[in-house]
Amino acid sequence: MREREEGREMDWASATLGAFIASAFIFGGTALALLPIMRRRFLAWIVARVTAITIMVWALAEQLPVPDFISDTERLLIGVVATDLGFAFTGPMLASYLEKRVVARRERKLLGLMLPMSLVPIALLPSIVFAGRLDWLHDTILLGMLGMLCWGIAGTIREGSRAAIFQAFAWAPALAVAIAALLHELIVGGMIPHYFAAMMGALVIEFIITAMGVVDGFMGIKGERDRALKDMREAKLATALDPLTNIANRRGLEQHFNGKQRRRPTGLALVDCDHFKRINDQFGHDVGDSVLCAVARSLDSENLFAARLGGEEFVLLLYGENWQEAAEIARRGITQGVRNAVPELPYPITASAGLAALEENDTLGSVMKRADRALYAAKEAGRNRSLSLTEFRPGASLKSA
C-alpha cells in the first residue's frame with residue numbers, strides 16, 4: 001500500500017515537472033520573442049524570472065540530470081540562489097508592468113527595492129548550505145520581502161491597476177506555498193512536505209494567468225491605440241471640413257487635388273454667390289449661413305468635388321469631357337437649391353463662375369489663378385453666368401461657357 005502511494009506521488013511529481021517544463025518553455029520563449037518587437041521592460045523581467053525558476057527546478061528536481069563536476073551541495077546552493085532571484089524579480093517586473101496611468105509612486109519604489117534587498121538573503125546562502133547556520137535570518141528576510149510584494153500588489157490594485165489584479169491571481173498559489181514553507185522552516189524546522197511539487201504546480205498556474213494578463217494588457221493597448229488613431233483621423237478630417245457647410249475647406253480641397261490615388265480633374269470652377277452681402281445686411285447672418293449651406297448641398301454631384309474657400313466663394317473640381325456643362329448645371333442649380341431651402345428670401349439667389357481647364361503641369365494654385373480671372377470677368381459682364389479664359393496672358397479674350 002505504501003509503495004503504491006509512493007508510486008502515485010512520483011507519478012504526480014513527474015507530471016507536474018513535465019507541465020512546468022512545457023509551460024516555462026512556451027511562456028518564457030514567447031516573452032523572449034516579443035521583447036525585441038514590443039520593447040517593454042516587464043518582458044525582460046519575465047524572461048529573467050522564468051530563467052531563474054527554470055534553473056531552480058533543474059537544480060532541485062531529482063529527476064533531472066546534473067553534471068558530475070557539480071556536487072550535491074553545490075547543486076543545492078545553485079537551486080536556492082535561483083529561488084531567491086526568481087522571487088526578487090517579481091518586484092521590478094510588477095513595477096514595470098503596471099499601466100502608465102497608475103501612479104502608485106510608493107508602491108513602484110518599494111517593488112523596485114526588492115531586487116537590491118534580495119542580495120542580503122542571497123549573501124547568507126553559503127553559510128546556510130555549507131555550515132547550516134543563519135537559515136532563520138534568511139527566512140525572516142524573505143518573509144519581509146513577501147510582505148512588501150503583497151503590500152505593493154494591494155496598493156496598485158487600489159490605484160485601479162488591471163495588470164496588478166491579474167498578477168495577484170497569478171502569484172497567489174506560489175505565494176501561499178512560499179509563505180507556508182518559510183513558516184514551517186521557522187517554526188517546525190525542515191522542508192514542508194511535497195513542497196517542490198506544490199511549487200511547480202503553482203508556477204504553472206502563474207505562467208498561464210500571467211500570459212492571460214499580458215494578452216489582456218496588449219488588447220487594452222491596442223484598443224487605446226485604435227481609439228487614438230480614430231481620434232487623429234477624425235481630427236484630421238475636421239481640419240479638412242468647413243464647419244458651417246460640412247464640405248471640404250481649403251485644406252480638404254488641397255488634399256483631394258493632390259491625392260495620388262484619385263484621378264486628375266479635367267477642369268476647375270470658382271463659384272461666387274452674387275450680391276451676397278445684401279442677404280446678411282437685410283436678413284441677418286443666420287439667413288446668410290442658411291443660404292451658404294443650401295449652396296453647398298446644391299453643389300453635391302457625382303462628377304464634381306465641391307469645397308468652400310471662405311465667405312460665399314466655392315471651388316468645384318470637375319471630371320469628364322463635359323466638365324464645363326457640369327459646372328454650368330451646378331451653378332444654375334444654386335438658385336433652385338436656395339429657393340427650396342430658404343423660401344423666405346423675396347428674390348432669387350444667383351451665382352457667377354470662372355472656369356479653367358487643367359493643363360498637364362498645372363498645380364491647384366495655377367489653375368485657380370486662371371479661374372479667378374475668369375470669375376472676375378463674369379462679374380464684370382453682369383453676373384449670373386459662367387465664363388472661361390481661352391488664353392492666360394494679358395489681353396486674353398473671354399468667351400461664354
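Before reading further, recall that the structure is shown in the block above.
Values in this document were obtained by computation on a predicted structure and should not be read as measured data.

Q: Even after reading the chapter, I still don't get the overall build of the protein chain, so can you show me in this structure?
A: Counting secondary structure elements, the protein chain contains 14 helices and six strands. Counting over 401 residues, the protein chain shows a buried share of 43%. The contacts in the protein chain between residues at least 6 apart in sequence include a share of 66% that link residues at least 24 apart. Split by element, the accessible area of the protein chain, about 22100 Å² in all, is 58% carbon and sulfur.

Q: Just to check I follow, could you spell out the pattern of salt bridges for this structure?
A: A side chain with one charge can pair with a side chain of the opposite charge if their charged atoms come near. Following the criterion strictly, the structure yields 10 salt bridges and no others. Put simply, R308 and D242 hold a salt bridge, and the shortest N to O gap is 3.1 Å. With R308 in strand 2 (residues 304-310) and D242 in the loop between helix 9 (195-239) and helix 10 (250-258), this pair connects stretches of sequence that are 66 residues apart. By relative accessible area, which is 11% here, R308 ends up buried. Note on D242: relative accessible area 9%, which makes it buried. The salt bridge involving D281 is made with K277; its shortest N-O contact spans 2.8 Å. Here D281 and its partner K277 are both found in helix 11 (residues 276-283), four residues apart, which amounts to about one turn of the helix. You can call D281 exposed: its relative accessible area is 53%.

Q: Hey, could you run me through unusual backbone geometry in this one?
A: If a residue is not glycine, its phi is most likely negative; likewise, a peptide bond is most likely trans. The backbone of N246 shows a phi angle near 65°, a positive value even though the residue is not glycine. Residue classification places N246 among the exposed positions, given a relative accessible area of 56%. A positive phi angle, close to 50°, is found at H275, a residue other than glycine. On the secondary structure map, H275 appears in the loop between strand 1 (267-273) and helix 11. Exposure remark for H275: the relative accessible area of 43% places this residue in the partly exposed category.

What counts as what
Residues numbered from 1 in each chain as written. Predicted model: local features only at pLDDT ≥ 70, side-chain atom pairs only at ≥ 80, totals over all residues. Heavy atoms only, no water. Helix = DSSP H or I, 4+ residues; strand = E, 2+ residues; numbered from the N terminus. Buried < 20%, exposed > 50% of the residue type's maximum accessible area, 1.4 Å probe, protein only. Contact = heavy atoms within 4.5 Å. Areas by Shrake-Rupley, 256 points an atom, 1.4 Å probe, with all protein chains shown as cover. Salt bridge = Lys/Arg side-chain N within 4 Å of Asp/Glu carboxyl O.

The analysis is restricted to geometry; functional conclusions fall outside its scope.
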